[in-house]
Amino acid sequence: MLFKNPVIRGFNPDPSICRVGDDFYLVTSTFEFFPGIPVYHSKNLVNWEMVSHCLDENENLPLEGSNPSGGLYAPTIRYNNGTFYVVCTNVTNMTNFIVHTDNPCGKWSKPVKVDHMGIDPSLFFDDDGKCYFCGTTVRDGVWGFGIDIAQINPDTGEFLSEKHFIKGCGGKSPEAPHIYKRGGYYYLMLAEGGTEYGHMVTMQRSRNVFGPYEPCPFNPILSHKDKYSEIQATGHADIVEDQNGNWWAVFLGIRANGFLHHLGRETFLAPARWNDDGWFEIGNNKTIEVEMDAPLPAKPEDVSFDFEDDFCSGKLRPEWTFVRNPEKENYVLSGGKLIMKGTNKDLGSFNTSPTFMGIRQPENNIEAYTKLKADFSCGSKAGMTAFYNQDYYYAIYLTKRGRKYEVCLNKAIHDINVVTNCAEVDCDGVIEFKIKADKEKYYFYYKTANSDWTLLGTALTAGLATEGTHMMTFTGTFIGLYAYECTAEFDFFKLKTNT
Ligand code: 6LW
């Protein structure tokens, strides 16, 4: 059966997967965005539906003051005996924690803390009932040089053994450890080479969970570091056996536009297998393709990444994402409208939570629409944005200068924040906005009751590329709505792909 990568589009890095019967569950990282850790469900590994979030209460997910790309790093999901566990790190307060649930489509528990300094934690349930924790470790203030493994009680977060230190297979930044057991061997899978263009997946194995581990003779088992392909940076994998005995790897990758990407690291899928020597092989000779043919566990349906919310259901769709800890009273659904109460926090305000909500941009080619009504004073703003983080965004907005309404384009890149192309509009506070995008550019349009769509200006996608950010970032672009120092009523939000 044919399928197309990436299977979960837009910013969805560090995927981790587990299976129960013929149901697959997958989680990804969310960094400074809220709610934390989406849980996706699929029957066929290709069509994924967001069914819950592990952390959907501010009190369980402190993101206040988080730097861009702080917050939640890579989670791991595991199932044991009726319970789903997710373990993760909040780097903003440098805490490792575990949440659990018996219904991954419902509410998750409060987090329990794990006393560990390091990122990318994972759990492994052995067949004798013991559970092990592994994660990258920090020793003497030095990050990212190896993995600690210890027995743990996953319900309390308490360690039940010493930590045992395991090295990587030679690449820089050994991280993303996951342990699996097969044929009497413990396998330790890692990401190495860093999460950028040198990213790889490596494997090592041992008869004893605490090592010593011997490396796979043909490491790395997946990497695009030497491949000419739009798909780059493949790594940070997790693997799963389906109900038919076929094996699969999910991992992050990017769709590079030259050497830039702005959609974020996305979730890819590849068929995998154990060879006769008991080593694991991923994809076609360690690489993957956009279109792959493999025996999926169920027939995929047509995939659509379109999104629409008419704000009539009384509940926001789970795809809506906020930045840091949202002030929930500033987002109200009433009478088929979304009422956003803008505060004095703007999109670019330092490490705070503006009145903003967005969805992950799933494709280069999109068209997104909204209609809003704002009643405000001079200097207030309400509009639509392509938002990477507080230092990198483009926004088209309505404002007022004296008694006149104006639309403006705001471009923020690094510490350059400019307002351009302002145009007076005859509109009485009601306006429609459209953001169109292709690989190279965003196009910002507006429309009033008396006019047709008018192009206000354009901006390069390169301005929102991860590679250009001034501090290490791991996220992707959102298309969203926002309000600043005013109340704005939005009628709908619509995003179309394949335009
Ligand atoms: C994550 C690390 C990585 O913790 O990037 O791609 C870091 N891998 O394993 C942030 O996602």
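From a predicted model like this one, the values you see are computed outputs, not experimental measurements. (Residues numbered from 1 in each chain as written. Predicted model: local features only at pLDDT ≥ 70, side-chain atom pairs only at ≥ 80, totals over all residues. Heavy atoms only, no water.)

## Topic: the overall build of the protein chain
Right, on to step 1. Per the secondary structure count, the protein chain includes 0 helices and 40 strands.
Right, on to step 2. In terms of its C-alpha atoms, the protein chain occupies a principal-axis envelope of roughly 75 × 45 × 40 Å.
Right, on to step 3. Roughly 19100 Å² of accessible area belongs to the protein chain as shown, and the carbon and sulfur atoms make up 47% of that amount. (Helix = DSSP H or I, 4+ residues; strand = E, 2+ residues; numbered from the N terminus. Areas by Shrake-Rupley, 256 points an atom, 1.4 Å probe, with all protein chains shown as cover.)

## As for the nonpolar core
Right, on to step 1. Counting residues in each nonpolar core, the largest one holds 64 residues, and the members touching the most others are Leu398, Phe433, Tyr442, Ile479, Leu481 and Phe493.
Right, on to step 2. If you look at the next biggest cluster of nonpolar residues, it comprises 41 residues, including Val7, Trp48, Trp247 and Ala249. (Core = buried A, V, L, I, M, F, W, Y, C linked by side-chain atoms within 4.5 Å. Buried < 20%, exposed > 50% of the residue type's maximum accessible area, 1.4 Å probe, protein only.)

## Quick look at the pattern of salt bridges
Right, on to step 1. A complete count under the given rule lists 23 salt bridges for this structure.
Right, on to step 2. Between Glu59 and Lys110 there is a salt bridge, and its shortest N-O distance comes to 2.6 Å. Here Glu59, found in the loop between strand S6 (49–55) and strand S7 (76–80), pairs with Lys110, found in the loop between strand S9 (95–101) and strand S10 (112–114); they are 51 residues apart in sequence, far enough to count as distant.
Right, on to step 3. A residue is classified by how much of its surface remains accessible, and Glu59, at 61% relative accessible area, is exposed.
Right, on to step 4. A salt bridge links Lys381 to Asp346, with the nearest nitrogen and oxygen atoms 2.6 Å apart. (Salt bridge = Lys/Arg side-chain N within 4 Å of Asp/Glu carboxyl O.)

## Notes on the state of the cysteines
Right, on to step 1. Using the criterion set out here, one finds 1 disulfide in the structure.
Right, on to step 2. Put simply, Cys408 and Cys422 are joined by a disulfide, and their sulfur atoms are 2.1 Å apart. One disulfide, between Cys408 and Cys422, carries an S-S torsion of 115° and so falls in the right-handed class. Of this pair, Cys408 sits in strand S34 (residues 404–413) while Cys422 sits in strand S35 (residues 416–425); the two residues are 14 residues apart in sequence, bridging distant segments of the chain.
Right, on to step 3. Relative accessible area serves as the criterion here: at 34%, Cys422 is assigned to the partly exposed category.
Right, on to step 4. Just so you know, Cys88 is unpaired, no disulfide at all, and the nearest cysteine sulfur is the one on Cys54, 8.3 Å from it.
Right, on to step 5. Given a relative accessible area of 0%, Cys88 falls into the buried group.
Right, on to step 6. Distance from the sulfur of Cys216, which forms no disulfide, to the nearest cysteine sulfur (Cys169) is 8.2 Å. (Disulfide = S-S within 2.5 Å.)

## A word on the site of the ligand
Right, on to step 1. Near the ligand you find 13 residues, and of these Asp14, Asp120, Thr195, His236 and Arg265 are the closest.
Right, on to step 2. Within the side chain of Asp120, a nitrogen or oxygen atom sits 2.3 Å from an oxygen atom of the ligand.
Right, on to step 3. One nitrogen or oxygen atom from the side chain of Arg265 is found 2.7 Å from an oxygen atom belonging to the ligand.
Right, on to step 4. When the ligand sits alone it has 290 Å² of accessible area, and the protein chains cover 98% of it.
Right, on to step 5. Of the residues assigned to the shell around the ligand, the class counts are 6 nonpolar, 3 polar and 4 charged. (Near = heavy atom within 4 Å. Polar contact = N/O pair within 3.5 Å; in protein donor to acceptor, adjacent residues only side chain to side chain. Nonpolar A, V, L, I, M, F, W, Y, C, P; charged D, E, K, R; others polar.)

## Some points on the domain arrangement of the protein chain
Right, on to step 1. The domain boundaries assigned to the protein chain delineate domain 1 (2–293) and domain 2 (307–497).
Right, on to step 2. Contact with domain 1, which involves 43 residues of that partner, is made by 38 residues of domain 2.
Right, on to step 3. In total, about 3300 Å² of surface goes out of reach between domain 1 and domain 2, with carbon and sulfur atoms giving 54% of it.
Right, on to step 4. The shortest N-O distance in the salt bridge between Arg255 and Glu363 comes to 2.8 Å.
Right, on to step 5. Taken together, the connections running from domain 1 to domain 2 amount to 22 residue pairs in polar contact (both at pLDDT 80 or more).
Right, on to step 6. Only strand S4 (33–34), strand S5 (36–42), S6 and strand S22 (247–255) provide two or more residues apiece to the side of domain 1 that touches domain 2. (Domains from an automatic or database assignment. Contact = heavy atoms within 4.5 Å. Buried area = accessible area lost by both parts, 1.4 Å probe.)

## Quick look at the sheet that holds strand S32 (residues 381–389)
Right, on to step 1. Taken together, 6 strands build an open sheet; the order of strands is S30-S39-S32-S33-S34-S35 and the sheet is antiparallel. One side of each edge strand has no neighbouring strand; the edge strands of this open sheet are strand S30 (355–360) and S35. For this sheet the average axis-to-axis angle between neighbouring strands, irrespective of direction, equals 20°.
Right, on to step 2. Where strand S33 (residues 392–401) lies against S34, 10 bridges are found, and the strand directions are antiparallel. Its bridge partner lying in S34, Arg401 is registered against Lys404. (Pairing = 2+ DSSP bridges. Axes fitted to C-alpha atoms, helices over the stretch in contact; angles between N-to-C directions.)

## Comments concerning the sheet that holds strand S23 (residues 266–274)
Right, on to step 1. Across the sheet, which stays open at both edges, the 4 strands sit in the order S21-S22-S23-S24 with antiparallel pairing between neighbours. In this open sheet, the two strands that pair with only one neighbour each are strand S21 (231–241) and strand S24 (280–282). On average, each strand axis in the sheet is inclined to that of its neighbour by 35°, with strand direction left out of account.
Right, on to step 2. Bridge analysis of S22 against S23 gives 7 bridges, and the strand direction is antiparallel. Within S23, the residue paired with Ala249 across the bridge is Ala270.

## So, unusual backbone geometry
What you tend to see is this: most non-glycine residues have negative phi, and most peptide bonds are trans.
Right, on to step 1. The omega angle of the peptide bond from Asn5 to Pro6 is -10°, so this bond is cis rather than trans.
Right, on to step 2. Mapped onto the elements of the fold, Pro6 is located in the loop between strand S1 (2–4) and strand S2 (16–20).
Right, on to step 3. The step from Asn219 to Pro220 runs through a cis peptide bond, and the omega angle for that step is -5°.
Right, on to step 4. Along the chain, Pro220 falls in the loop between strand S19 (214–215) and strand S20 (222–223).
Right, on to step 5. Positive phi outside glycine occurs at Asp428, with the angle close to 60°.
Right, on to step 6. The class of Asp428 is exposed, set by a relative accessible area of 68%.
Right, on to step 7. In this structure, Glu485 is a non-glycine residue whose phi angle is positive, near 50°.
Right, on to step 8. With respect to the helices and strands, Glu485 occurs in the loop between strand S39 (478–484) and strand S40 (487–497).
Right, on to step 9. Here Glu485 falls in the partly exposed class, since its relative accessible area comes to 41%.

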